[in-house]
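An overview of the molecular structure
For reference, the chains in residue letters:
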Amino acid sequence: MRREKLRGLAPLTEPGSPEHLRIRQLRARDLLRGDLDDSELVEHAERSVLTTTFDKLLGWAASNSMFPLTFGLACCAIEMIAAVGSPRNDQARFGAEALRASPRQADFIILSGRVSIKMAPVVRRLYDQMLEPRWAISMGACSSSGGMFSNYAVVQGADKFMPIDIHIPGCPPRPEALFYGFNKLQRAIQGSPDQGWRRRYNAIGTEEWARDDVIAGQPSEASEAAYARARQAVATSAESTGPEGPGGPTQRGAGTH
Amino acid sequence: MPDAPGLELIAGELRDAHPNSVPGTYHEHGQACLIVDPEQILAVLTWLRDTPGQEYRFLSSVHGVDYLPATPRFGVHYELLNRDRMERIRVRAALADPGGDELPELDSCVGLFPTADFQEREVYDFFGIVFRGHPDLRRILMPEVYVGWPLRRDFPIGGEPVIFTHNEHQVPGWSQ
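Analysis parameters
- Residues numbered from 1 in each chain as written.
- Chains lettered and ligands numbered in written order.
- Predicted model: local features only at pLDDT ≥ 70, side-chain atom pairs only at ≥ 80, totals over all residues.
- Helix = DSSP H or I, 4+ residues; strand = E, 2+ residues; numbered from the N terminus.
- Buried ≥ 20, exposed ≤ 12 C-beta atoms within 10 Å, placed from the backbone.
- Contact = placed C-beta atoms within 7 Å.
- Core = buried A, V, L, I, M, F, W, Y, C linked by C-beta atoms within 7 Å.
- Pairing = 2+ DSSP bridges.
- Axes fitted to C-alpha atoms, helices over the stretch in contact; angles between N-to-C directions.

1. Focus: the overall build of chain B
Of regular secondary structure, chain B possesses three helices and seven strands. From first element to last, N terminus to C terminus, chain B shows the α and β order α-β-β-α-β-β-β-β-α-β. The 176 residues of chain B split such that 26% are buried. For chain B, contacts bridging at least 24 residues in sequence account for 46% of all contacts bridging at least 6.

Laid out in structure tokens, this is it:
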């Protein structure tokens, strides 16, 4: 049986009508069969198809369906439960509400609390049991640096025994901070880490490496030059993007107040 | 809670029953305490538990103390309770530090009070006080491979120096 092309069908004059939808369906079918060619194919592709790389697609999908491990260490865990589980904060907005009870099914682990030296091997084993790709968020001061527990019993920073992707400061961090860190992790997974708060608050040039010599006394030429370069970079990026541009979120929302 | 004269009466009866067992007492903040010769700690605890009129049958806590630089250096406190009269009495075994790598030793009272099992393990874990005759003297809270007695006063606090911007230049290799 010979298949018939859709050349004779009416053009897409009335968007939203049932006929319009039917025609698009049939054209999609013809695209899959290989019946569309030349200008029809180009037109259909321009209307319907978005091209990207597989890595980006995979990163986009993975970062929006993250499964956290059901795991809590100390008081930060209470805050984490409030962030993940409660409808007020609702981590389901970011696709990370499905807590997995097994590390084999989890994508990332939130170290919520101080890690004692007796717990460290357990945490490490859980992390090792997770399947690649896997990520780890260190939530709060204690798991990032030992926090106030500078003593015999607590590991001074969880990155002494396992890789950590995101460190979230706070004691405990607010749920917003946890979500901000999680969004950072999502962006890192998508392969486009942004410049963070320095860019947002126009604070480029305030990095601590630029201030090393100021602490010791006079600023050195190297740090002055680094500071000048950073200010120049801010100025050019503000010019090139304009007030509504994507690179200038400082100006974003100026009209809403 | 025995008052100060009552405490002296108990101490006197103990000295009659076991000579030189109670070198001293003190009564502070309404709490009565017998300071006891560590060699006779079992005899004293048995007497306090079984003597009619005393009957402190409940051991509510065992804990260790490090009194460095005082001598004798260590103390093991037994908090006894009579639940009929709601009276508490504290027994302190004052232990000298044997020095070097030697650990101070004391008789275990697990035979008298089974609840002392875990608590004596905890005292051993943190102060390195060995309880003779304990059925299973291992570390209980710290990892079993841990070295040292972390709640002794001469144990280093541990941790790491916290680096702020005001002292980061004092930490070599930090900012470069």
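2. Re the nonpolar core
Most often, soluble globular proteins keep nonpolar side chains buried together rather than apart. In this structure, Ile109, Leu111, Ile137 and Met139 of chain A are the most contacted members of the largest nonpolar core, which totals 35 residues. The set of elements that each furnish at least two residues to this core consists of α4 (75–85), β1 (108–112), α5 (120–129), β2 (135–139), α6 (140–145), β3 (166–168) and α7 (175–189) of chain A. For this core, the leading source of residues is α7 of chain A, giving five residues. The residues touching Ile109 of chain A, leaving out its near neighbours within four places in the chain, are Leu69, Phe71, Leu126, Tyr127, Met130 and Ala136 of chain A. One finds Ala11, Ala93, Leu95 and Ile129 of chain B within the second-largest nonpolar core, a separate group that totals 34 residues.

3. A look at the environment of Ser138 of chain A
All names here are of chain A. Looking at where Ser138 falls in the secondary structure, it is placed in strand β2. Expressed as a C-alpha distance, the spacing of Ser138 and Ala158, which sit 20 residues apart in the sequence, is 7.3 Å. Ignoring any residue separated from it by four or fewer positions in sequence, one finds Ser138 in contact with Leu111, Ser143, Ser144, Ala158, Asp159, Ile164, Ile166, His167 and Ile168.

4. Details of the pairing of strand β1 (residues 24–28) of chain B
Residues and elements named next belong to chain B. As defined by bridge partners, β1 adjoins strand β2 (residues 31–36) across five bridges and the pair is classed as antiparallel. Paired with Glu28 across the bridge in β2 is Gln31. Following β1, the chain reverses through two residues before pairing antiparallel with β2; His29 in that reversal takes a positive phi of roughly 50°.

5. Comments concerning the pairing of strand β4 (residues 74–82) of chain B
Residues and elements named next belong to chain B. Sheet topology places strand β3 (residues 58–66) next to β4; eight bridges connect them, and they run antiparallel. What sits directly across from Val62, in β4, is Tyr78. The loop that links β4 with its antiparallel partner strand β5 (residues 87–95) comprises four residues; one of these, Met86, has a positive phi angle of about 50°.

6. A short note on the sheet that holds β1 of chain A
Residues and elements named next belong to chain A. Taken in spatial order, the three strands line up as β1-β2-β3 in an open sheet, and their pairing is parallel. The sheet terminates laterally at β1 and β3, the two strands that pair on one side only. Ignoring strand direction, the axes of neighbouring strands in this sheet form an average angle of 15°. For β1 and β2, the ladder comprises five bridges, and the chain directions are parallel. Within β2, the position partnered with Ile109 by the bridge is Ala136. Contacting β1 and β2, α4 runs over the sheet at an angle of about 130° to β1.

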